[in-house]
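Chain and residue survey
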Amino acid sequence: MTGVAILGSTGSIGTTALRVIARHRDRFRVAALTAYGRKDQLAAQAAAFYPTFVSLVGGGHGRDDWADGAASLVEAATRPDVDVVLNGIVGAAGLEATIAALQAGKRVALANKESLVMAGELVLRAAREGGGEIVPVDSEHSAVLQCLGGRPRADLQRIILTASGGPFHTWDAERVHSATVHEALNHPTWKMGRKISVDSATLANKALEVIEAHFLFGLPFERIEAVVHPQSVIHSFVELVDGSVLAQVGFPTMELPILYALTYPARVSDDGAPRFDPIGAGALTFEPVRTEVFPAFALGVQAGRSGGTAPAAFNAANEVAVAAFLQGRMPFGRIAEVIEVVLRRQVVEHAETLAAVMAADRWARELAEEVIRWA
Ligand code: NAD
Ligand code: MG
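Here the structure is a predicted model, which is why all the values come from computation and not from measurement. (Residues numbered from 1 in each chain as written. Chains lettered and ligands numbered in written order. Predicted model: local features only at pLDDT ≥ 70, side-chain atom pairs only at ≥ 80, totals over all residues. Heavy atoms only, no water.)

**A look at the coordination of the magnesium ion (ligand 2)**
Protein coordination of the magnesium ion (ligand 2) is provided by Asp138 (OD), Glu140 (OE) and Glu209 (OE), with donor distances spanning 2.1 to 2.3 Å. Spacing between the donor residues of the magnesium ion (ligand 2) along their common chain follows D-x1-E-x68-E. Separated by 69 residues along the polypeptide, Glu140 in helix α6 (residues 139-148) and Glu209 in helix α10 (residues 204-217) bring together distant segments of the chain. Assigned by exposure class, Glu140 and Glu209 land together as buried. (Donors = N, O, S within 2.8 Å, 3.2 Å for Na, K, Ca; no water. Helix = DSSP H or I, 4+ residues; strand = E, 2+ residues; numbered from the N terminus. Buried < 20%, exposed > 50% of the residue type's maximum accessible area, 1.4 Å probe, protein only.)

Shown next, in the form of C-alpha cells:
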C-alpha cells in the first residue's frame, strides 16, 4: 500500500485525486488530508477515506493561523506513513511542504508549480539531499515525462509545451484589457481553480510552466517553447536529438496525469478518463503565442531567464495582481502591468537560501500592492 498525503484536498486537483484514488483503493491509502477553509467538505472526505492525519487551516486568526497552517502542511508532508505527497495547494503557500517532503525522502506528485518557479534550485537540492523525487502532475510536464519514457536526458533536444490559449485566444488587445472576472474564469477546455484559470487567461500560466520545465528537465530556456493549441488534445511535444518528435495525446483530463504521478514509472489499468478517439477529436490546430496581447507570458519567461530571485518576484507579483483582479479592484489588463513594474524595479539576487527567496517574495508582494493602489 502506498500512503498518500493530499495537500489542498478540497481544490480542483485535490478532489480529482481523491476520485482517482477511490478507484484504486487496493493500491493507495489516503494517509493525510489538508485544506484551507471548507470544513464540511473536508469532514466528508475524512469520513470517506479515514486518513490518520487531517488539518484544517484558515480559521481567520491572522498571522498565528498562517504559521500554524504552514506547520501542519509540513507535518502532513513528512509523516512516516506517507510515501507520496500530492501537492495540490495553490500559490506560494505550497513551497515549504514541497521542500520538507523532498528532504524527508518522499515522492512529491507536484501540481503546485509555484514551488518550482519560486525556488527551483532549492527544491532540486532538497530532492538531491533528502532522496526525494519530484513527479509532475501538470499535464504538459506529465506529457514530457511520458514521451521521455526513461531515456537519458542527453537524448532530449527541445520541449514544445502546448497552451490552450485560454478563453481570450482570439480576442483583440482592447477587449482582453477589460475582460470581466466571469469571462476570465470561463476556460474553454479545462475546469480548474480560480487562480490558475486567470493564469491561463493571461498566459502567465504558460510562463510558469516554461520555468517549471526548465527545472524539471534541466533544459536551458532557449530549448523550451510554447505553442497555442486550442483543442488541448496534444499535451506537449518532445524533440529528441535526432530530430524525432514525440507527443502525448488524449482528451483533456487531470485524472491521467495524477494517476501517472502516483504510479510512475508503472502503468496501471484504469477506466476513469474517456478513451481517445481521433475522429471525435477532430482537427488539431496550432498558433503562435500572441505575446503583444498576452505580455505576462514574455515577462515570466524573461524572469526565468534572469534566474535567481526573479521568478519568485514574478510569481508573487502575479499572485497579488490576480487576487486584486478577482476582487474587482483592477481591470484584467493591469495584471501584466503590475508584474512589469515589479520586475523592472527588482534587484535580482541569488536564490540559494529560503530566506532570500522569501525576502524577494515579500518585497514583490508589497510593491505589487502599492502599484495596484496607485491607479
Ligand atoms: P484550487 O483553488 O481549486 O485548490 C487549492 C487548494 O489549496 C484548496 O484545497 C485550498 O483549500 C488549498 N489552499 C489554498 N490556499 C491555502 C493556504 N494558504 N494554505 C493551505 N492550503 C491552501 O486550485 P487548483 O486548481 O486545484 O490548483 C492547485 C495547484 O495545481 C495550483 O498550483 C495549480 O497551478 C496546479 N494545477 C492545477 C490544475 C487544475 O486542473 N486545476 C492543472 C495543473 C496544475
Ligand atoms: Mg498545465
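**Some words on the environment of Ile372**
Within the element layout of this structure, Ile372 appears in helix α16 (residues 354-374). Using a relative accessible area of 7% as the deciding quantity, one classes Ile372 as buried. Taking C-alpha positions, Ile372 is 8.1 Å from Arg329, a pair spaced 43 residues apart along the chain. In this structure, Ile372 is in contact with Val320, Ala321, Ala324, Arg329, Met330, Arg334 and Val338, ignoring residues within four places of it in sequence. (Contact = heavy atoms within 4.5 Å.)

**Looking at the packing of aromatic side chains**
The final tally for this structure, using the stated rule, is six aromatic pairs. Aromatic pair Phe168 and Trp171: ring centres 4.4 Å apart, planes at 40°, arrangement tilted. Note on accessibility: Phe168 and Trp171 belong to one class, buried. Look at Phe325 and Phe332: their rings are 5.4 Å apart centre to centre, the planes differ by 80°, and that puts the pair in the edge-to-face class. (Phe/Tyr/Trp six-rings, centres within 6.5 Å; stacked < 30°, edge-to-face > 60°.)

**A short note on the site of ligand 1**
Close to ligand 1 lie 24 residues; Thr10, Ser12, Tyr36, Glu114 and Gly193 are nearest. Within the backbone of Gly8, one N or O atom sits 3.1 Å away from an oxygen atom of ligand 1. Within the backbone of Ser12, an N or O atom sits 2.8 Å from an oxygen atom of ligand 1. Of all elements in the fold, only α1 (12-22), β2 (28-36), α3 (63-78) and α5 (113-130) reach the threshold of two or more residues within the shell around ligand 1. Counted by class, the shell around ligand 1 contains 13 nonpolar, eight polar and three charged residues. Viewed by domain, the shell around ligand 1 spans two of them, domain 1 (2-137) and domain 2 (139-289), each represented by three or more residues. (Near = heavy atom within 4 Å. Polar contact = N/O pair within 3.5 Å; in protein donor to acceptor, adjacent residues only side chain to side chain. Nonpolar A, V, L, I, M, F, W, Y, C, P; charged D, E, K, R; others polar. Domains from an automatic or database assignment.)

**A look at the pattern of salt bridges**
Under the defined criterion, the tally for this structure stands at 19 salt bridges. Across the salt bridge formed by Arg79 and Glu75, the nearest N and O atoms sit 3.8 Å from each other. Assessed through its relative accessible area of 40%, Glu75 is described here as partly exposed. Arg158 serves as the salt-bridge partner of Glu239, at 2.9 Å between the closest nitrogen and oxygen. Here Glu239 is found in strand β9 (residues 234-240), whereas its partner Arg158 is found in strand β7 (residues 156-163), with 81 residues between them in sequence. According to the relative accessible area criterion, Glu239 is buried, its value standing at 16%. We classify Arg158 as partly exposed; its relative accessible area is 22%. Through salt bridges with shared partners, a single ionic network connects Lys113, Asp138, Glu140, Lys206 and Glu209. (Salt bridge = Lys/Arg side-chain N within 4 Å of Asp/Glu carboxyl O.)

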